[in-house]
Amino acid sequence: MSENLLTEKRFMDLSNQADRRDIVTFSDFLTLNELNIFHQNEKKYVTAYELSGGYEFAERQIAAFIPDALYYVWEYPIDCLMITPSHPRFAEELSHRDILGAVMNLGIERGKIGDILVKDGCYYLFCKQEITGYICENLGQIRHTAVTIALTEAKDLKLSPDLKEMEAVIASNRLDNVVSAMTKTSRSEAVQLIQSGKVFIQGKECLHNNYLCKPMDVLSIRSFGKFIFVGERGVTKKNRVKITYKKYV
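Reading guide: rules and limits
Throughout this document, residue positions are counted from 1 along each chain, in the order its sequence is written. Given that this is a predicted model, residues contribute local features only at a pLDDT of at least 70 and side-chain atom pairs are listed and counted only at 80 or more, while totals for whole chains, interfaces and linings are drawn from all residues. To obtain the side-chain values, all non-hydrogen atoms of the structure were included, while hydrogens and water were left out. Elements are defined by DSSP. Helices are runs of H or I of four residues or more, strands are runs of E of two residues or more, and each kind is numbered from the N terminus. Think of it in three bands: residues with accessible area under 20% of the maximum for their type are buried, residues over 50% are exposed, and the middle band is partly exposed, with areas taken using a 1.4 Å probe on protein chains only. Every accessible area reported is derived by Shrake-Rupley at a probe size of 1.4 Å, with residue values counting cover from the shown protein chains alone. Under this rule, positive means Lys or Arg and negative means Asp or Glu; His and the chain ends count for nothing. In this description, the location of a charge corresponds to atom NZ of lysine, CZ of arginine, CG of aspartate or CD of glutamate. Here, two cysteine sulfur atoms that lie within 2.5 Å of each other are counted as a disulfide. Residue types Ala, Val, Leu, Ile, Met, Phe, Trp, Tyr and Cys, when buried and joined through side-chain atoms within 4.5 Å, form a set referred to as a nonpolar core. Using protein atoms alone on a 1 Å grid, points that fit a 1.4 Å probe yet trap it form a cavity, whereas open point sets bounded by protein on both sides within 12 Å along at least five of seven lines form a pocket; residues with an atom within 4 Å of a point count as lining. Grid points are joined across faces, edges and corners, and a volume is the space filled by probe spheres set on the points. Any two strands are treated as partners once DSSP identifies two or more bridges connecting them. Axis lines are fitted to C-alpha atoms, over the contacting stretch for helices. Their N-to-C directions set the angle, which ranges from 0 to 180 degrees. Any pair of residues with heavy atoms lying within 4.5 Å of one another is described as a contacting pair. As a per-residue measure, pLDDT tells how confident the predictor is, with possible values from 0 to 100. Two aromatic rings from Phe, Tyr or Trp, using only the six-membered ring of Trp, form a pair when their centres are within 6.5 Å; if the ring planes differ by under 30 degrees the pair is stacked, by over 60 it is edge-to-face, and anything between is tilted. Multiplying 1.5 Å by the residue count of a helix minus one yields the expected span of that helix. Note: the arc covers the axis-to-C-beta directions of the helix.

*Asks:* How should I be thinking about the overall build of the chain in this particular structure?
*Replies:* Looking only at helices and strands, the chain features seven helices and 14 strands. Going through the 249 residues of the chain one by one, you find that 46% of them count as buried. Within the structure as shown, the chain displays about 13,700 Å² of accessible surface, and the carbon and sulfur contribution to it stands at 48%. A distance of 9 Å separates the average location of the 32 positive side-chain charges in the chain from that of its 32 negative side-chain charges.

Put into structure tokens, the structure is as follows:
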């Protein structure tokens, strides 16, 4: 059985289990491809569902399957860990890759780890609650930097990804034009990206060049990154469309 079919079966099993046992069931943190498979099979689920990565605009998200006859209040099993240098004066500047690598070197599966964000010299790691204690007990150093880990509330921090606002002038807000602007490639190259399944909108693969981008559409373009299409902001004298978009940095 292919990896995609196994992923589809796993979602169906979680939905069926939630319905049968009247409990909320959860996936691990999903990759872009897994999110696409999740959305492709929405009509097959026997329960309601929601997605969350622990904060707004999270890239890696957990799927929750919610039965009709729910008798308790539930929360996502997501914790936010704040990682800070124990001795800031001697600390290195750590990257997303450094933190992810250090956590995975503990033998933790990638699906248990969500987004990693940087804010005000601190590093915030989203993870499933089942591994929180293990990380806190075993992660004391990243590269040559000693670190301290504390459980924190993401909602109190107002965490958000770093976004760079950009502008472009295009023929229209058709997907091929927007992708061309975001990737700084020709329209024919943008069409190739779309038709080869490398463009996702709200986590769902989009193969249609003529899709009209809507304000706040989130586009993930493989090999180029993640973007938010903010919207149109007027037209030029030659009747071309001015757009604003944001790039995750």
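Anyway, onward from the coordinates.
*Asks:* Could you clarify how one ought to interpret the state of the cysteines in this entry?
*Replies:* Covalent bonding between the sulfur atoms of two cysteines is what defines a disulfide. Throughout the structure, instances matching the rule amount to zero disulfides. Cys127 supplies the cysteine sulfur nearest to Cys80, a cysteine that is in no disulfide, at a spacing of 8.4 Å.

*Asks:* Would you mind showing me how to read the nonpolar core here?
*Replies:* A general tendency of soluble globular proteins is for nonpolar side chains to be buried together. The biggest cluster of nonpolar side chains holds 22 residues, and the ones touching the most others in it are Leu175, Val179, Met182 and Leu219. Looking at this core, the elements that each hand over two or more residues are β9 (163-170), α6 (175-183), α7 (187-195), β10 (199-201), β12 (217-221), β13 (225-235) and β14 (241-248). The greatest single-element share of this core, amounting to five residues, is contributed by α6. In terms of nonpolar packing, the next biggest core, distinct from the first, is built from 20 residues, Leu106, Leu125, Cys127 and Ile142 among them.

*Asks:* When you look at the layout of surface pockets in this model, what are you seeing that I'm missing?
*Replies:* Of the voids in this model, the largest pocket is the one considered here, and its volume is about 660 Å³. For the largest pocket, the lining is made up of 27 residues, of which Glu59, His96, Asp115, Ile116 and Tyr248 are closest to its centre. Of all the secondary structure elements, the ones that give two or more residues to the lining of the largest pocket are α2 (32-40), α3 (96-104), β5 (113-119), β12, β13 and β14. A total of four residues in the lining of the largest pocket trace back to one element, the largest contributor, which is β5. Quantified by volume, the second largest pocket comes out at close to 400 Å³.

*Asks:* What exactly am I supposed to notice about the sheet that holds strand β1 (residues 25-30) here?
*Replies:* The strands making up a sheet associate through hydrogen bonds between their backbones, and the pairing can be parallel or antiparallel. Across the sheet, which stays open at both edges, the three strands sit in the order β1-β3-β2 with antiparallel pairing between neighbours. Both edges of this open sheet fall to β1 and β2 (48-52), since each of them pairs with a single strand only. For this sheet, the mean inter-axis angle between neighbouring strands, taken without regard to orientation, is 20°. Where β1 lies against strand β3 (residues 61-66), four bridges are found, and the strand directions are antiparallel. Directly across from Phe26, in β3, lies its bridge partner Ala64. In this fold helix α1 (residues 3-21) packs onto β1 and β3, with an angle of close to 155° to the strand it touches most, β1.

*Asks:* Sorry if this is basic, but what is going on with the confidence of the model for the chain here?
*Replies:* For any part of a model where pLDDT is low, the fine detail of the predicted coordinates should not be relied upon. Per-residue pLDDT for the chain has a mean of 94; in total, 100% of the residues score no lower than 70. For the chain, the element scoring lowest by mean pLDDT is helix α5 (residues 154-157), at 77; β1 scores highest, at 98.

*Asks:* Would you explain the packing of aromatic side chains in this entry?
*Replies:* Given two aromatic rings, one states the distance between the centres and the angle between the planes to describe the pair. What the rule picks out here adds up to 13 aromatic pairs. Aromatic side chains Phe11 and Phe38 sit 5.5 Å apart centroid to centroid with 85° between the ring planes, which places their arrangement in the edge-to-face category. Highlighted residues: Phe11 in helix α1 and Phe38 in helix α2, separated in sequence by 27 residues. Note on Phe38: relative accessible area 0%, which makes it buried. On the basis of an interplanar angle of 55° and a centroid distance of 5.9 Å, the ring pair of Phe26 and Tyr76 is categorised as tilted. Of the two residues, Phe26 sits in strand β1 while Tyr76 sits in the loop between β3 and β4 (78-85), which places them 50 residues apart along the sequence. Ring pairing ties together the aromatic residues Phe11, Phe38, Tyr45, Tyr49 and Phe65, which thus form one cluster.

*Asks:* Can you help me understand α1 in this one?
*Replies:* Because the α-helix completes a turn every 3.6 residues, residues three or four places apart line up on one side. The end-to-end C-alpha separation of α1 is 27 Å, in line with the 27 Å expected for 19 residues at 1.5 Å each. Listed as buried for α1 are Thr7, Phe11, Leu14, Ser15 and Ala18. Taken down its axis, α1 places every buried residue within 90° of arc, on the same side. Where α1 ends, the next residue or the one after it, Asp22, has phi of about 60°, a positive value.

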